[in-house]
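Fold and geometry: a report
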Amino acid sequence: MSEQTVRTRFAPSPTGFMHVGNLRTALYAFLLARSQKGKFILRIEDTDQARYVDGAVDVIYKTLAAAGISHDEGPDVGGDYGPYVQSERKHLYLPYAEELVKKGAAYYCFCDKHEPAEPADAEGVVSSGYDGHCRNLDPEVVKANLAAGKPYVIRQKIDKEGVSTYHDAVFGEITIENKVLDDQILIKRDGMPTYNFANVIDDHTMGITHVVRGCEYLSSTPKYNLLYRAFGWEIPEYVHLPLIMGRDADGNVSKLSKRHGSVSFEGLVADGYLPAAIVNYIALLGWSPKNDREIFPLSELEEIFNVRGLNKSSAVFDYDKLTWMNGEYLKALSPAEFARVSQPFSGVAGTELEPKWPLIAPLLQQRVGRLTEIPEKIGFLREQPEYTSELFCNKKSKSNPETAKAAFAALIPEFEALADADWDVEALNAIMTRYAETLGVKIGQPMWAIRIGVSGLAVTPGGPAEIMAILGKEESLRRLREAAAK
């Protein structure tokens with residue numbers, strides 16, 4: 001790293017939700033700035049008005065805030081290099097383009113040809129296939145056309161001979177043949193700059209020292225460098241990130257898309273993942289710490305992040321791994337915090353279980369990977385599933401329908417005799433423990449029978465006493481009597 005103050009930026013287009021690839025770019029740019037005690041800038045790149053989505057800017061703000069990624073400068077917090085919205089900087093770009101025309105690095109194009117639209121993913125690569133018809137127009141013709149008000153675009157004039165080479169912090173030396181670089185449009189007919197031009201002007205005028213972006217820009221970066229050189233500006237350091245891939249049910253790997261699952265931050269949160277877990281997981285999608293740890297709070301990532309840990313190879317988004325990591329984050333919450341964040345996903349609102357949520361939540365904290373698993377895990381509390389007497393067979397606890405029948409005959413009367421005020425986990429466990437001691441069997445035998453009787457399931461969050469405490473005396477006894485009848 002150079003000794004100058006590191007300034008990185010995240011420059012999303014307000015075209016919808018925040019894809020995990022965009023979020024990773026923001027995260028790495030943020031971590032690079034923080035690790036070097038530099039500045040992280042948010043810039044909204046809205047030059048493609050046709051794809052602008054109302055409310056998308058708010059989504060950007062909310063996503064970054066939820067992820068804990070704070071910016072030092074931006075449209076909402078201001079700064080010395082504003083405005084930080086490209087459409088509000090429109091007046092800046094044309095003079096720079098006209099300067100390039102004077103330098104012979106750009107030219108007016110009057111061709112009656114449909115201008116290429118911004119790419120669908122706003123990743124800046126516009127291949128116009130332009131044949132260069134206006135590239136060497138007579139200056140007098142250009143002057144006459146401008147005087148007549150003929151519509152025009154301004155194109156970059158690229159020398160097609162030789163090669164262009166630059167250094168990237170991740171991919172090393174990159175060499176591109178100039179003949180594959182098109183004379184890209186810099187200023188469109190409506191006077192708005194293209195993404196490719198605006199990001200160069202903005203990065204320079206905002207003092208950006210390190211450009212962090214996806215590897216899809218590798219082939220177009222030489223065009224940006226030619227612009228920097230034409231102006232006589234210092235070229236920033238480049239950090240191009242590998243692709244994020246997804247794996248389908250058949251094991252096939254391709255660029256991450258909706259067919260693989262949720263691909264937006266909002267979608268993952270809606271799927272029951274904690275923002276902190278999402279950020280931690282995304283941090284490891286293309287970056288490796290020096291040790292084998294996998295759980296890192298954002299504050300620690302800000303200290304240890306280093307671009308030397310970035311990988312060239314594509315990263316595969318593993319939803320199972322994210323679910324495991326999320327489970328670790330859920331386990332680490334305080335019981336009160338887990339109850340708070342999990343209740344909106346539980347489905348208990350407005351039901352008889354809502355007031356019992358403080359009893360239910362502790363049974364789930366160590367047993368869920370995603371908060372959206374909760375309704376299925378506690379569904380038996382609302383409605384017991386159908387089951388057969390075969391479920392009473394369990395080799396480990398030496399249980400079978402006969403031992404279950406005996407347990408019900410002995411325990412149901414004791415449960416009935418228990419006062420409503422004493423109906424709690426401790427008292428219920430004590431009754432089952434005394435029964436096991438009297439028979440000289442392990443406690444697992446009667447507990448297995450009671451678990452099946454009150455839940456209808458072999459695996460439940462919590463043991464039979466916890467379940468009975470939640471269900472209450474009346475419902476517990478009703479279920480046990482039905483089980484005894486089996």
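Here we summarise the structure given alongside this text. (Residues numbered from 1 in each chain as written. Predicted model: local features only at pLDDT ≥ 70, side-chain atom pairs only at ≥ 80, totals over all residues. Heavy atoms only, no water.)

Some points on the overall build of the protein
Definition in use: The numbering of helices and of strands both runs from the N terminus, where a helix is a DSSP run of H or I of at least 4 residues and a strand a run of E of at least 2. For a compact globule the rule gives 2.2 Å times the number of residues to the power 0.38, and the radius of gyration it is set against comes from C-alpha atoms. Each residue's exposure class comes from its accessible area (1.4 Å probe, protein chains only) as a fraction of the maximum for that residue type: buried when under 20%, exposed when over 50%, partly exposed otherwise.
Looking only at helices and strands, the protein features 18 helices and 12 strands. Relative to the globule expectation of 23 Å for 486 residues, the C-alpha radius of gyration of the protein, 32 Å, shows a markedly less compact shape. Seen along its three principal axes, the alpha-carbon backbone of the protein occupies a region of about 110 × 45 × 45 Å. Counting only residues that meet the buried cut, the protein has 50% of its 486 residues in that class.

Quick notes on the side chain of Asn 280
We count it as follows: We call two residues in contact when some of their heavy atoms are within 4.5 Å.
One can find Asn 280 in helix 8 (residues 275–283). In contact with Asn 280, not counting residues within four places along its chain, are Glu 294, Ile 295, Phe 296, Met 325 and Tyr 329.

Considering the pairing of strand 3 (residues 106–109)
The test is simple: Pairing between two strands is assigned when DSSP locates at least 2 bridges connecting them.
Burial along strand 3 is two-sided: Ala 106 and Tyr 108 facing one way and Tyr 107 and Cys 109 facing the other are all buried. Relative to strand 4 (residues 153–156), strand 3 runs antiparallel, the two being bridged by four bridges. Opposite Cys 109, over in strand 4, you have Val 153 as the bridge partner.

Observations concerning the packing of aromatic side chains
Let me state the cut-off plainly: Think of it this way: a Phe, Tyr or Trp ring, Trp meaning its six-membered ring, pairs with another when their centres are within 6.5 Å, and the plane angle makes it stacked under 30 degrees, edge-to-face over 60, tilted otherwise.
For the coordinates displayed, the defined rule picks out 17 aromatic pairs. A ring pair is formed by Phe 231 and Trp 233, whose centres lie 4.2 Å apart and whose planes are at 15°; its orientation type is stacked. By relative accessible area, which is 10% here, Phe 231 ends up buried. Given the relative accessible area of 15%, Trp 233 is considered buried. Ring geometry for Trp 287 versus Phe 305: centroids 5.5 Å apart, planes at 35°, classification tilted. Note that Trp 287 is positioned in the loop between helix 8 and helix 9 (298–304) and Phe 305 in the loop between helix 9 and strand 12 (315–317), a separation of 18 residues in sequence. When its relative accessible area of 4% is taken as the criterion, Trp 287 is described as buried. When its relative accessible area of 3% is taken as the criterion, Phe 305 is described as buried. An aromatic cluster is present here, built from Tyr 96, Tyr 228, Phe 231 and Trp 233 joined pairwise through their rings.

Digging into the pairing of strand 8 (residues 210–214)
As a reminder, the rule being used: If the strands point away from the viewer and the path from the first strand over the helix to the second runs clockwise, then the crossover is right-handed.
Burial within strand 8 is extensive, with five of its five residues counted as buried. The sheet contact formed by strand 8 and strand 9 (residues 237–241) spans five bridges and is parallel. Among the inter-strand pairings, Val 212 is bridged to a residue of strand 9, identified as Val 239. In terms of handedness, the path from strand 8 via helix 6 (residues 221–231) over to strand 9 forms a crossover that is right-handed.

Describing the nonpolar core
The cut-off we apply is this: Only buried residues count toward a nonpolar core, which is a set of Ala, Val, Leu, Ile, Met, Phe, Trp, Tyr and Cys residues joined through side-chain atoms within 4.5 Å.
With 97 residues, the main nonpolar core has Phe 317 and Phe 415 as its most contacted residues. Looking at this core element by element, the count peaks at 10 residues for helix 1 (residues 20–35). For Phe 317, the contacting residues outside a window of four places in its chain are Val 20, Ile 244, Met 245, Leu 256, Leu 268, Tyr 281, Leu 285 and Leu 322. In this structure, Ile 154, Ile 158, Ile 176 and Tyr 195 belong to the second largest nonpolar core, which totals 35 residues.

Focus on helix 5 (residues 195–205)
Here helix 5 lies mainly inside the structure; nine of its 11 residues are buried. Looking at the buried positions of helix 5, the neighbouring elements they touch are strand 1 (7–10), helix 3 (90–103), strand 7 (185–187), strand 8 and helix 6.

Observations concerning helix 10 (residues 319–332)
In plain terms, the rule: To estimate the expected span of a helix, count its residues, drop one, and scale the result by 1.5 Å.
Spanning 14 residues, helix 10 covers 20 Å between terminal C-alpha atoms, matching the ideal 20 Å at 1.5 Å per step. Listed in full, the buried residues belonging to helix 10 are Tyr 319, Leu 322, Thr 323, Met 325, Asn 326, Gly 327, Tyr 329 and Leu 330. Looking at the buried residues of helix 10, the elements they touch are helix 7 (265–270), helix 8, strand 12 and helix 11 (335–346).

Considering the sheet that holds strand 4
Strand pairing in a sheet relies on backbone hydrogen bonds. The paired strands run either parallel or antiparallel. What counts, and what does not: Helix axes are fitted to C-alpha atoms over the stretch in contact, other axes to C-alpha atoms as well, and angles between N-to-C directions run from 0 to 180 degrees.
Overall, antiparallel pairing links the three strands, which are arranged 3-4-7 in an open sheet. Single-partner strands in this sheet number two, and they are strand 3 and strand 7. Between one strand axis and the next, the sheet turns through 40° on average, direction left out of account.

What to know about the sheet that holds strand 12
In space, the three strands of this open sheet follow the order 11-10-12, with mixed pairing throughout. Sheet topology places strand 11 (253–255) and strand 12 at the edges, where each strand pairs with a single neighbour. The average undirected angle you get between the axes of adjacent strands in this sheet is 45°. Sheet topology note: the strand 10 (residues 244–247)/strand 12 ladder contains three bridges and is parallel. Its bridge partner lying in strand 12, Gly 246 is registered against Phe 317.

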